[in-house]
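Each chain, letter by letter, is given below.
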Amino acid sequence: MTAIGDSTVHDPDALRADMVRALRDQDAITSEPVAAAFAKVPRHRFAPDAPLELAYDLHRTVPVKKDELGLDISVMSAAHLQGVMLEQADIEPGMKVLEIGSGGYNAALIQELVGSDGAVTTVDIDRDIVDRARLCLDDAGYGQVKTVVADGEAGVPDGAPYDRIIVTAAAWDIPPSWISELAAKGRLVVPLTVRGTTRSIAFDRDGEGLVSDSYRLARFVPMQGEGAAKERKALLRDGVAVQTEDVRVPLNTEALNRALDTPRLEFWSGAAYDLPDELELYLTLHLSRPARLHASRDIVENGLVEASALLGVPALVSEDSIAYRTRRENEDTDGFESGVVAHGPQAEALADQYLNLLRHWAQDHRRRGAATIRYLPGTAPSPLPQNTVLKRHGIVTVTWH
Ligand SMILES: C[S@@+](CC[C@H](N)C(=O)[O-])C[C@H]1O[C@@H](n2cnc3c(N)ncnc32)[C@H](O)[C@@H]1O
């Protein structure tokens, strides 16, 4: 649990004041209106069954509903992430806001931000979640928030256009409704999954499409319904999996598993390793056949796969070989140096391509916020331009400056 001060755990008001202070200290809250909203809305009233310390923890979610495998399908999002996203959204009094993915608490924060002249609609695909959100909202004095049961893939046409659309489940794509229901000067804040990693991205309109310079790593429960992610996954062996959304990437389970038993080759780039989220965005957009390698703690502890794969690491795969990023301490490269581990008959060729990207990023793009992310709806150009990811309803393009 994140420590949020010395307040007695029985006093929700003191815990809330501590939470706001800590969110400011950690730069999740950077504006007065967002701080005031967090200070006012009684967060624990939206998590009535959770211990107060959990309800007011900065980084932990509060479970609301699980699927038959015990995986979360609805949670009250972590306060830190909610702060970051509300700052990205830049909500003003009087605005009309649509939240996709309900729970009640975030909608109440938004209601505070838009004030009595604004309007908030929150939609969830799950009736249980909407019923629960409705009860909590009414109980906490936010009866004016409108709740809707529907698949958010279609937005909520009744009420459009919205000045802000805030999505609170991990979206694999941006359906046409989210763009058409956005006001001319509107902003869409969406945790968009691109090549296996989800980032909260604040998009503004840009001609027919959307553009963003604001992106932050984010973890969310997955979007259900029409827009659910369609990724391919291959379990190579217990505790090792490869996943990709790129149709051009071969996922030959047997050959990749055999590759892991071939000698492990290690190569060092001589380049600095830091800002992992920035580097990862660059890598996944530039690797010619990008995938993500995941390994369990057991597998890492017995030395088969590097610790970089514990949370998933960008990997370059061919029919029978795999290469992925690692790091080591090196004072000559500002603390850490990036490197590549590769297995299989084409290990050296894959490692070579990977090392070039590590060096290029460190030399030209190693800073926070170096990328601009664009979403262009419609038919994808053929061939697909470099730095571009094909989605169902359009393409994501990332450029570095
Ligand atoms: C992280 S929870 C929302 C948290 C909430 N905004 C809060 O105040 O903390 C994500 C929600 O998205 C919902 N969801 C998933 N897919 C959806 C879809 N296609 N349309 C609408 N809601 C969806 C889930 O049912 C879940 O309740």
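Note that the structure is a prediction, hence the values are computed from the model and not measured.

Attention shifts here to the site of the ligand. Near the ligand lie 26 residues; those nearest to it are S74, D124, D151, G152 and Q224. Within the side chain of T168, an N or O atom sits 3.1 Å from a nitrogen atom of the ligand. For the ligand, the accessible surface in isolation is 600 Å², of which the surrounding protein chains cover 100%. Of all elements in the fold, only strand 2 (72–76), helix 5 (105–114) and strand 4 (119–124) reach the threshold of two or more residues within the shell around the ligand. Sorting elements by how many residues they give to the shell around the ligand places strand 2 first, with four residues. Per-class residue counts for the shell around the ligand are twelve nonpolar, eleven polar and three charged.

Buried residues dominate helix 5, accounting for nine of its ten residues. Among the residues of helix 5, Y105, N106, A107, A108, L109, I110, Q111, L113 and V114 are the ones counted as buried.

A few words on the domain arrangement of the protein. Domain boundaries in the protein define domain 1 (66–227), domain 2 (232–364) and domain 3 (371–400). Interface area, domain 2 with domain 3, both sides summed: about 710 Å², of which 62% is carbon and sulfur. For the salt bridge of K391 with E245, the shortest nitrogen-to-oxygen distance reads 3.4 Å. Counting every contact that joins domain 2 to domain 3 gives two residue pairs in polar contact (both at pLDDT 80 or more). Considered class by class, the residues forming the side of domain 2 that touches domain 3 number three nonpolar, one polar and one charged.

Definitions and limits used
- Residues numbered from 1 in each chain as written.
- Predicted model: local features only at pLDDT ≥ 70, side-chain atom pairs only at ≥ 80, totals over all residues.
- Heavy atoms only, no water.
- Near = heavy atom within 4 Å.
- Polar contact = N/O pair within 3.5 Å; in protein donor to acceptor, adjacent residues only side chain to side chain.
- Areas by Shrake-Rupley, 256 points an atom, 1.4 Å probe, with all protein chains shown as cover.
- Helix = DSSP H or I, 4+ residues; strand = E, 2+ residues; numbered from the N terminus.
- Nonpolar A, V, L, I, M, F, W, Y, C, P; charged D, E, K, R; others polar.
- Buried < 20%, exposed > 50% of the residue type's maximum accessible area, 1.4 Å probe, protein only.
- Domains from an automatic or database assignment.
- Buried area = accessible area lost by both parts, 1.4 Å probe.
- Salt bridge = Lys/Arg side-chain N within 4 Å of Asp/Glu carboxyl O.

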